[in-house]
Structures are given as structure tokens and as C-alpha cells.
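# A look at the structure
So the chains spell out like this:
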Amino acid sequence: MRRQIRSVAVLGSGVMGSAIAAHFANAGVRSLVLDIAPRELNEAEKAAGLALDHPRVRGRIAAESVAAMIKSRPSPLFSAARAALITTGNLEDDLPRVREADWIIEVVKEDLPIKLKVLAAVAPHVRQDALLTSNTSGLSLAAMADVLPASLKPHFLGTHFFNPPRYMKLFEVIPTADTDNGVLQDICDFARDRLGKGVVIARDTPNFIANRVGVHAMMATFAVMQEMGLTIEEVDALTGPAIGRPRTATFQLADLVGLDTFLHVADNLYPLVPEDEARELFKAPAFLRTMVERGLLGRKSGGGFFRMLKEPQKKLLALDPATLEYRDQVKAKFPELEAAKSIDDLPTRLRQLAFGQGRAGQAIWKMLAASFSYSAMRVGGICDSAAQIDQAVCWGFNWKLGPFETWDTLGFRAVTERLRADGLPLPAWVDALYDAGAASLYSEAGGVRHSPTAAPGVSAPVPGDARSFDFEVLRRAGREVRRNPGASLLDLGDGVLCLEFHSKMNAIGQDHLGMIMTACDEAERNWQALVVANPAENFCAGANLMMLMMEAAEGNWEDIDLIVRAFQSACGRLEHCGVPVVTAPAGLALGGGCEITMGGNAVRAAAESYIGLVELGAGVIPAGGGCLRLYLRNLALQTDPRDLQPAFRRTFETIGTAKVATSAEEARELGFLRPGDSWSMHRDHVAADAKELALALARSGFEPPVERTAIPVLGTAGIALAESVLYNMEQGGYATAHDRKLGLVLANVLSGGAVPPGSTITEQEMLALEREGFMRLIGEPKTLARMESLLKSGKPLRN
């Protein structure tokens, strides 16, 4: 029977504790956040005449921490309204209230004696059926379990949320020898399904999996830098997106984490791993220790490896580790990196870089080789299988490929031979795999992926998720129904067809529009329902600006008009398809991506979806039905159908300011999702959940919506209202003349054109107004300049 977790108690209200409470609130779970009672009054309390025993004073620390969390950005909460699920108190007066909690999470300072003291104090107040965990990044869970009564030990284990908890996927779970298997499974299931986490079970060893491997990788990078005389700019150029890792690379990441925190982790690890073959690497280089002594801790102190200079002009300075003085940044210059920039395919790019003969190739190989060896030596010690290490570092550090996946990408046999030639240590299981003639570390048997264990010749199934669709596995199984360069149709089973985009950033082009029409035709003939989903990082970042800009620059206005009409037809085809259509956005769904999302009969989004009609940022208006559908959604929310101004104002403001929802919940608040639309906490569950929703619609007697023929509009009254607002904004310096022009074009669409107030128009008439407005703006010099600027930046259009 699945355990019900309706309330949690969080012991410790620091940055991590408050953020954990916030993420439980995102999952709809109430939390009680407790911290110590103050030992002295602050100035405000003194001025108010309060005493130390006043309840407001005694609960101040937790209350202020939660208040600071609510104001922090990016927000730990899906919506400000979620904060109502969090209450606060102190660890003395309110400790008995812990008995009400189904899960108690200790999140105090990463100091074992303090954690032991708190766990011993809370133990008498924990219900026998409740869960008790310590959130730690690497301390001994066995030592903590020793202070607990025998009756609680089966319900106790370690958890490690990566920071920030809302945004980081990794959730390490560390059972003790006494942890009940049912309790372990309950924690894993809840973290995966309700918190949206990627769960990895780790052994109770120092720093667990991700931090053990990750700290080693960073220390190995420091060593290569010193050996080869690389600058910090060169190291970050070599260890970022070029090899499938985040833009923060090495030194920007260290600044983000905090150099004092990083040094503390390394210093603590060194004495705890006496048998570790790479132990000496965990001795921090002298320059790092000196930086911490001087207070150069990273972003939190104003400077670490990088420092932002604000005067006389804003620029980022870099540190010279030899002198510990800041200097102007010097761009890294590696011919191999420049040549690799044109290679979009990560495996191909990695092979070219890692086996390159220049300095870049040598450095990348040395850093990767150290990680290959160290990770292989840890299998069986920190975890059961190689896949758990790959999952932990990918989910914990946002790497595209883990060490073993990278090893396979470069070629298992070639890499193993080079590691042996370099004299790097390898465990017996690697030798056995090589000697058996294996071509890769990972293998597949019966459609199930396996990875090696520490036992030579023994592999284990890669921990999977029944609610996650692997689109490549579907393809290999022959379930791809149609395909063109930009999109595919896949059989999800049970009569559900899936439309998948698979181009760069999934920017909308002719391939996508054509496949939308094909998908609807195919679904009506042979399927029960259609889902629009893909496994990419971003659902759809909008229209193909390059294509539009080139057409406009050449004056091909008829071609642009045809493109806009085709896009409107595609979104309309989704909405009016004869079978239910569920759109399933995740990541960015901007501009045209938002319009496709709104075209479905229902939306099942990922909780982390960033949805918005951002076209005004490019100097145009939404023209794929975005104006129409957002206005209709806002009309449906009105209590007085005769008063059209609220719907007009709300739609005009949302589109006019290019608002982007920062979560699926906020997307519902802004109107991009309907009140009945829903979301999945786990990104990988979105397609499966959308499939279930689509089938439910199909089985409930689905009737496709008919085109609206009488949409009430403000007409000339709406245009006049917008004109007044925009004029005042321009006069006040809040908008330019061009902004005013854009706003008036948008107002004309949302008002239904120059018709009398209270008129009604058809759906097709409003779509025609969208097209006319778009065509009027696309040829503007300022619009073309803005599009060119966006293309050069390489970034998606956002507000």
C-alpha cells in the first residue's frame, strides 16, 4: 500500500531547509519549518518592546528564513500562493508539533555533532509510522542512526537534495543497515512521482556518489591546469558546453557553489578515504586555500575566480591564480575548439576533441581520463552499478553524459587501451569486460539496458521508470510511423499517436507545420488520440526567425503570408481535430511553441515549463492564433460576460509585456493553461501522463470543438482605451514611439478591429486581424534589426 505523505516537518530553516519546504509546497504538501529560538533581541524587537519569551521573537529565525526564501530569485516556489502551505516555529516550543508530520527531515548545519543533537531531541516526538531522514551531502548515516531508539531505526535513512531543490533533478537516497526496504521504496516513489526527482540509491560512504565523483573531477581539473599552465578562461572553455557540460564549466561553477564550501568538502573527504588511490588529489592547491583565507569565496563575497567590475564600466574580470590579482579576461584560443563549434552532434564533437593532438585535445583527454579511472574504481564502493554514477553526475551537475556514457561514446576498447598505456588504475571488472571482447560498457538484453557492476562479468539493469517513454527505444522497436527532418510520428501504444519535434531548439519550420497536418489526418483515420510531446530540453522555442528574416529582407511578402496562414491552419487543425489532442510542453514553449500548446484540447505540461507569447520582443505580434486563444481563455474566466474590459486588459498586458510563466502553475494563472489543465512534477513522465489524459478524453465521449462564430469584442472602445494608455506611457518615458505602434496593432486585434463596441466577430475574422497585424510589422526596419540581434545572440526570445 502506498504511503500517504500529507505533511512534513523540516528541522532547520537555512537556505536549504526553506527551499526544501518550498518544493514540498510545490507538490501540495504542508510543511512546518523549525529553527532555534534567538538568544537576543534584534533592534526592531527592542523598539517594539518585545521580550525574548514573546512567540514572535522565539519564532523569528525560521519566519525570516522562509520570508527570505519567498523573495529569492529564481523562485523556489511555483507560485506565490504556495507559500500558504508553509508554517514556522522554533525547535523548543514547537517540537511536539512534529508528531503531526508524516515525514521529518533534519536539515541543520552540515556538522555531525549538531545533527546528532537535533536527531536525539526530535526522536521522542516522531510517530512510529512516520519517516525520519537527515538531509546531508556526505556525513555518516550509520553514526546518526546510533543516537536513535531501535524502534525508529527502520524508518530512518539519509536523503540528499541537490541545491536548489526545485530545479535540480538529483535526489540521493542513502539507507542504513537497519532501514526497512518498504520505507526505502516509499521514499524513492514519493521523491520520483510527487517531487519530480531522479532518484539514485547510494551507499553510506563519504560524499555519497555525485559529490565524490564531482569533487574529484574538479580537483583533477585543477591538477591538469597547473601541469599544463592553463588559464582559468582556457579551462572553462574546455570544460563547458564543448564537452556537454553547463556554461558554468569549472571555475564559474566553483564561484557559484562557494569556494569555502568546496574547500570544506575536499578537506573533510581527505581523511575519510585512506584507501582511495586518488586521495592526494583531494589536497587543495595552495592558491585555492589562500583565496579562501583572503575571503575570495565566489559570488557570495563579490569575487572568486571571477569578479564583476561595475565602475567605471561593467565588465567581468578573471583571477590570475599565480598572483591572485584580477585582470581583464583573455579569450581562450584553441583551434580545435573553433573547429568543433560547427559540430552539433555531441558524440562526434567529443571524439574529435578528446582525440585531438593539440593542447585542447591533450587537456580534455587528461581530465576525462582521470574521471574514467576514478569512476570505474568506485563502482561497488559508493554504489552498486556504473549507471548509478552516470545518473548521479548527470542529474546533479547537468552533464549531458556521465563518465561511463562518455567512455562508450569515445569507444570502450580504444579508451581502455589508452588508459592502460597512461598507467591509470582500472578495476578487475573493466579488465574482464575488455578481455571478453566487449565493445561497450553498456549492453542491452531483451530490450533492457544493462550496466556493469563490480563483479567481473556481471551486469545489472539500468534503474528505469515505467512512466518514462524512451523515444529512441520506440524508434528502434519500429514504432516510428512517419518522419521528416524536423518531426516524427510515434506509436505510444493503446491507440495513441505522438507528434514529436526533433530539430534544433524545435524552432517551427515547414517540416513541423506539415507534420502537424499529417498527424491530425493520420490520427483521425487510425488512432484514438494524439499527443504532442518530445523528450528535448525545450518543447519549442518559437518560430524559425532566420527563415522569416530572410523572406522579409527579400520582400517575399506573399511567401510570409502563406507561412503565417499555414501556421494558423496547423494550430487550428490541432484544436478541431476529430480525436482529442493533448499538448505536453516542457522547458521553453515560447511564441509559436506557446501557440501550439494552446492549440490542444487539453494540456499536460511539465511543472517546469516556461510558457509565453513573446513575439513583441521581436517586433511582431502572435499570429498563430495566440491572440485569439488567450483572449478566449480570459473571456471564459469572467464572471460578468457583458464586461469585456477585464479580458481585454489582461490579454493586452500579458502579450504586450511578453510575460513568460516561470512554471506550469504560473502559466495557468496567466491564462496560457486553462483552469482544468494539469502538470506532471517529473519531466520524464509528461508524455505518459499526456497519453493517459488523451485516452481518458477519448473514452469520455470526446466532441471536437466547433469554430466560434460570435466572439464578443470591445471594438473601437478597446482601441481608444489602449491608445490612451500607450500615449500616457510614451509621454511618461515608459514606452517608445515604436512600442506604442506595436501596442496599437495588438489592440486592434484584441478589439476585433474598428467595429462598434459590443460587436461580435468570428474566429476566422480575428485570425485575419492577427495576420494583417503581423504582416504590417514584419517589414519594419526595427523589427528586422531586432530579429538579427536575436539570431546573433543565439538565445531564445524571452521577456
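Below is a short write-up of the structure. (Residues numbered from 1 in each chain as written. Predicted model: local features only at pLDDT ≥ 70, side-chain atom pairs only at ≥ 80, totals over all residues. Heavy atoms only, no water.)

What follows is about the sheet that holds strand β21 (residues 602-606). A sheet is described by the order of its strands in space; here seven strands give the open sequence β15-β16-β17-β18-β19-β21-β23, paired in mixed fashion. Each edge of the open sheet carries a strand with a single partner, namely β15 (480-483) and β23 (678-680). Direction aside, neighbouring strands of the sheet carry axes that sit 25 degrees apart on average. Pairing between strand β19 (residues 581-583) and β21: two bridges, direction parallel. The residue of β21 that forms the bridge with Val 582 is Ala 602. Across the sheet, helix α21 (residues 510-526) lies against β15, β16 (487-493), β17 (496-501) and β18 (529-532), angled at about 175 degrees from β17, the strand it touches most. Against the sheet, helix α28 (residues 686-699) makes contact with β16, β17, β18, β19, β21 and β23, and its axis sits at roughly 165 degrees relative to β21, the strand it touches most. (Pairing = 2+ DSSP bridges. Helix = DSSP H or I, 4+ residues; strand = E, 2+ residues; numbered from the N terminus. Axes fitted to C-alpha atoms, helices over the stretch in contact; angles between N-to-C directions. Contact = heavy atoms within 4.5 Å.)

This part is about empty space enclosed by the protein. By the definition in use, this model includes one cavity of 30 Å³ or more. Quantified by volume, the largest cavity comes out at close to 70 Å³. Together, Ala 217, Thr 221, Thr 239, Ile 243, Arg 245, Ile 364, Met 367, Leu 368 and Ser 371 line the largest cavity. For the lining of the largest cavity, the secondary structure elements donating two or more residues are α8 (210-228) and α15 (359-378). (1 Å grid on protein atoms, 1.4 Å probe; cavity = no way out; pocket = protein on both sides within 12 Å on 5 of 7 lines; lining within 4 Å. Points joined across faces, edges and corners; volume = space filled by probe spheres on them.)

Residues Arg 73 and Pro 74 are joined by a peptide bond in cis, for which omega reads 0 degrees. Looking at where Pro 74 falls in the secondary structure, it is placed in the loop between α4 (60-71) and β3 (86-90). Between Asn 163 and Pro 164 the backbone carries a cis peptide bond, its omega angle lying at 0 degrees. Examined against the element boundaries, Pro 164 turns out to sit in the loop between β6 (156-161) and β7 (170-175). A positive phi angle, close to 60 degrees, is found at Phe 208, a residue other than glycine. Within the element layout of this structure, Phe 208 appears in the loop between β8 (198-201) and α8. The phi angle at Ala 249 is positive, at roughly 50 degrees, despite the residue not being glycine. Structurally, Ala 249 is set in the loop between α9 (232-238) and α10 (251-257).

This paragraph deals with the packing of aromatic side chains. What describes a pair of aromatic rings is the distance from one ring centre to the other and the angle between the planes of the rings. For the structure shown, the criterion picks out 23 aromatic pairs. Between Phe 222 and Phe 305, the aromatic rings sit 6.4 Å apart at their centres with planes inclined by 50 degrees, giving tilted as the arrangement. With Phe 222 in helix α8 and Phe 305 in the loop between α12 (286-293) and β9 (306-309), the pair connects residues that are 83 residues apart, well separated along the chain. Taken individually, Phe 222 and Phe 305 each receive the classification buried, so the pair is uniform in this respect. Each ring, one from Phe 355 and one from Trp 365, has its centre 6.5 Å from the other, and the planes form 35 degrees; the classification is tilted. With Phe 355 in the loop between α14 (346-354) and α15 and Trp 365 in helix α15, this pair connects stretches of sequence that are 10 residues apart. (Phe/Tyr/Trp six-rings, centres within 6.5 Å; stacked < 30°, edge-to-face > 60°. Buried < 20%, exposed > 50% of the residue type's maximum accessible area, 1.4 Å probe, protein only.)

Before going further, it helps to examine helix α11 (residues 259-272). Taking 1.5 Å per residue as the helical rise, α11 with its 14 residues ought to reach 20 Å, and the 20 Å between its terminal C-alpha atoms agrees with that figure. The elements touched by buried residues of α11 are α8, α10 and α12. (Expected span 1.5 Å × (residues − 1).)

Now for the pattern of salt bridges. Overall, the coordinates contain 51 salt bridges when judged by the stated rule. In this structure, Asp 684 engages Lys 169 in a salt bridge whose closest nitrogen and oxygen atoms are separated by 2.9 Å. With Asp 684 in the loop between β23 and α28 and Lys 169 in the loop between β6 and β7, the pair connects residues that are 515 residues apart, well separated along the chain. Lys 169 gets classed as partly exposed once you look at its relative accessible area, which sits at 23%. For Glu 338, the salt bridge identified is with Lys 341, shortest N-O distance 3.2 Å. Judged by relative accessible area, which is 55%, Lys 341 ranks as exposed. Through salt bridges that share partners, Asp 189, Arg 192, Asp 193, Arg 467, Arg 604 and Asp 689 make up one connected network. (Salt bridge = Lys/Arg side-chain N within 4 Å of Asp/Glu carboxyl O.)

Examined against the element boundaries, Asn 506 turns out to sit in the loop between β17 and α21. Overall, Asn 506 belongs to the buried group, its relative accessible area being 1%. A distance of 3.2 Å separates a polar atom in the side chain of Asn 506 from the backbone oxygen of Phe 539. Excluding its chain neighbours within four sequence positions, the residues that come into contact with Asn 506 are Phe 501, Asn 534, Ala 536, Asn 538, Phe 539, Cys 540, Ala 541 and Gly 542. (Polar contact = N/O pair within 3.5 Å; in protein donor to acceptor, adjacent residues only side chain to side chain.)

Here strand β22 (residues 609-612) shows two buried faces, one formed by Ser 609 and Ile 611 and the other by Tyr 610 and Gly 612. Relative to β22, strand β20 (residues 587-590) runs parallel, the two sharing four bridges. The residue bridging Leu 588 from the neighbouring strand is Tyr 610, located in β22.

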